[in-house]
Amino acid sequence: MNERGRRARDLGILVGALPTGRHNAITDVPGVLVGHTTVDDGADIRTGVTAVVPSQLGPGRWTLPAAVHRGNGYGKLVGSTQVDELGVLESPIVLTATLSVFRVADALLGHLMGQRPEAVSFNPLVGETNDGHLSDIRRRPITEAHVLAALAGASADPPAEGCVGAGTGTTALGYKAGIGTSSRTVRAADRPATVGVLVQSNFGGALTVLGVPLPVDELVPEADRATPPGNSCMIVVATDLPLDARQLGRVARRAVFAMGRVGASYSHGSGDYAIAFSTAAAAEPPIRDGDIDPVFAAVLDAVEEALLNSLLTAVTTTGVGGRTSHAVPHDAVVRRLSAAGRLASRP
């Protein structure tokens, strides 16, 4: 599941009361697949690609209802304006490093063209965060082969978390971060539904867990203080509940709100985006707005837990220029949360 094998729940950290899906991952939403390609030379290159692939996109159905919410637009989310305009997703969602986003978009375009040889317009959707603190980002090492490998390797298995794929070189809240995922199951409009989330964490602030501050200055006094301010966060939300694009925009906004629960600073240089989509059958009418509250609760909790998982599963990493991002120290987290009475149980 991840490099350290210790997610939030493994440490007794329970976010909210809603149940999770089977794997507590975005892949609990039926048909949603995830693939990673990690590009890591053990020194100056710490980067990669993560692909979220809705298998419902294919012959007979080339769009899904979708929305993008821009919390702060300091980023390069290729394809976002067409999603805003038309309210549909036409491609897998691929995440990578800032200066590689355009090469990834071209590779994803080639993949889409291969699927639809008769089409003359495509909208590849590619997001990014800046991993230049740990990776030599100007080398732009991501190639078409890396993108195609992530797409081809996408599966319904629990996705790897932490220092993998697009999270290989990211840092958040003062600590080493990466990819995280979580899910919730709810009843909305008198039917069961799953909400799944995947995040690429790379933003500023001071880590807060269940309301308890856990600043890196106190937990890791020797930590590198050269972490650049801001950076970004990409959040992908999937659900099998029938929601239209307008409703999915409301869901995406809540996803960005959830960053505040873990201590995000929402700084000038932080590109904070959420992409939400529905895999429900095209013939299903959207639920009434009055029935959507359980989905809002699910996405807030799932994003919070996914963000925590992205940090807790990451490992201490040294990259370009000898800079080091330290992992969150699990023992210190458990001690502080236990003292505050916030742990569900001892790990």
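Only a predicted model underlies this, so the values are computations on that prediction, with no experimental measurement involved.

What counts, and where the lines are drawn
- Residues numbered from 1 in each chain as written.
- Predicted model: local features only at pLDDT ≥ 70, side-chain atom pairs only at ≥ 80, totals over all residues.
- Heavy atoms only, no water.
- Pairing = 2+ DSSP bridges.
- Helix = DSSP H or I, 4+ residues; strand = E, 2+ residues; numbered from the N terminus.
- Contact = heavy atoms within 4.5 Å.
- Axes fitted to C-alpha atoms, helices over the stretch in contact; angles between N-to-C directions.
- Buried < 20%, exposed > 50% of the residue type's maximum accessible area, 1.4 Å probe, protein only.
- Salt bridge = Lys/Arg side-chain N within 4 Å of Asp/Glu carboxyl O.

**Quick notes on the sheet that holds strand β4 (residues 88-89)**
Then, number 1: As summarised here, the arrangement of the six strands in space is β4-β3-β14-β13-β10-β9, forming an open sheet in which the pairing is mixed. Each edge of the open sheet carries a strand with a single partner, namely β4 and β9 (179-188).
Then, number 2: Relative to strand β14 (residues 270-278), strand β13 (residues 231-239) is paired through nine bridges, and the arrangement is parallel. In the strand pairing of β14, Ala-238 is matched with Phe-277.
Then, number 3: Packed on one face of the sheet, helix α5 (residues 245-257) meets β3 (64-73), β13 and β14 and runs near 35° to β3.
Then, number 4: Lying over the sheet, helix α6 (residues 293-312) contacts β9, β10 (191-202) and β13, oriented at roughly 160° with respect to β9.

**With respect to the environment of Gln-200**
Then, number 1: Looking at where Gln-200 falls in the secondary structure, it is placed in strand β10.
Then, number 2: Since its relative accessible area comes to 0%, Gln-200 is described here as buried.
Then, number 3: Counting along the chain gives 46 residues from Gln-200 to Ala-154, while the straight-line C-alpha distance between them is 17 Å.
Then, number 4: In contact with Gln-200, other than residues within four places in its own chain, are Leu-95, Thr-96, Glu-128, Thr-129, Ala-166, Thr-170, Gly-178, Ile-179, Ser-232, Cys-233 and Met-234.

**Things to note about the pattern of salt bridges**
A side chain of one charge can pair with a side chain of the opposite charge if their charged atoms are brought near each other.
Then, number 1: In this structure the tally under the stated criterion is twelve salt bridges.
Then, number 2: Put simply, Arg-261 and Asp-301 hold a salt bridge, and the shortest N to O gap is 2.8 Å. Of this pair, Arg-261 sits in the loop between α5 and β14 while Asp-301 sits in helix α6, and the two are 40 residues apart along the sequence.
Then, number 3: For Asp-301, a relative accessible area of 10% gives the class buried.
Then, number 4: If you follow the salt bridges from partner to partner, you end up with Arg-9, Arg-184 and Glu-305 in one network.

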